[in-house]
Amino acid sequence: MNVKKYTSYAEIENELEILKLQKEISYQKLILSLQQTKQSLSPQNVVSNLLSSYTDYFANNYSKLLQMAIPYVIGWFINKKRG
């Protein structure tokens, strides 16, 4: 850490004011972060995020799911007509 030399009390007061404001900003950021975390962990948001992630997954892989399901459906219809 650098040792800073002050030539007047005004410089010290200015530095203390800057440090005080930085401390207050950091504290407010911490409070905001805690509020956002609390909100994101609410049951309503957890369920909605879970559903949206599954919806996105199935929407993006819809064609792959169809390609996998079509042979099974065709086989089921063939076996149904035979039996």
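Residues numbered from 1 in each chain as written. Predicted model: local features only at pLDDT ≥ 70, side-chain atom pairs only at ≥ 80, totals over all residues. Heavy atoms only, no water.

Engineer: How should the overall build of the chain be read in this particular structure?
Structural biologist: Scanning the chain for helices and strands turns up three helices and zero strands. Taken over C-alpha atoms, the radius of gyration comes to 31 Å for the chain, far larger than the 12 Å a tight globule of 83 residues would show. Principal-axis analysis of the C-alpha atoms gives the chain an extent of 100 × 30 × 15 Å. Carbon and sulfur atoms form 63% of the exposed surface of the chain, whose accessible area is close to 8300 Å². Side chains of the chain carry 10 positive and 6 negative charges; the gap between the two charge centres is 28 Å. (Helix = DSSP H or I, 4+ residues; strand = E, 2+ residues; numbered from the N terminus. Rg over C-alpha atoms; globule rule 2.2 N^0.38 Å. Areas by Shrake-Rupley, 256 points an atom, 1.4 Å probe, with all protein chains shown as cover. Lys, Arg positive; Asp, Glu negative; His and termini not counted. Charge placed at Lys NZ, Arg CZ, Asp CG, Glu CD.)

Engineer: What is the right way to look at the pattern of salt bridges in this model?
Structural biologist: Opposite charge on two side chains permits them to pair, given that their charged atoms come into close proximity. For the structure on display, the rule yields one salt bridge. Here Glu 15 makes a salt bridge to Lys 4, at a shortest N to O gap of 3.4 Å. Of the two residues, Glu 15 is situated in helix 1 (residues 9-40) and Lys 4 in the segment before helix 1; the sequence distance between them amounts to eleven residues. A relative accessible area of 23% means that Glu 15 is categorised as partly exposed. (Salt bridge = Lys/Arg side-chain N within 4 Å of Asp/Glu carboxyl O. Buried < 20%, exposed > 50% of the residue type's maximum accessible area, 1.4 Å probe, protein only.)

Engineer: Explanation requested: a nonpolar patch on the surface in the structure shown.
Structural biologist: Where nonpolar side chains cluster on the molecular surface, the patch consists of Tyr 6, Tyr 9, Ile 12, Leu 16 and Leu 19 and spans about 520 Å² of accessible area. By the secondary structure assignment, Ile 12 is in helix 1. (Patch = residues over 30% accessible without salt bridge, like charges linked within 9 Å, V, L, I, M, F, W, Y side chains within 5 Å.)

Engineer: Just checking my understanding: could you explain the environment of Thr 55 for this structure?
Structural biologist: Turning to its location among the elements, Thr 55 is positioned in helix 2 (residues 43-60). Put simply, Thr 55 and Pro 71 are 16 residues apart on the chain and 24 Å apart in space, counted from C-alpha to C-alpha.

Any functional reading would require information that these geometric values do not contain.
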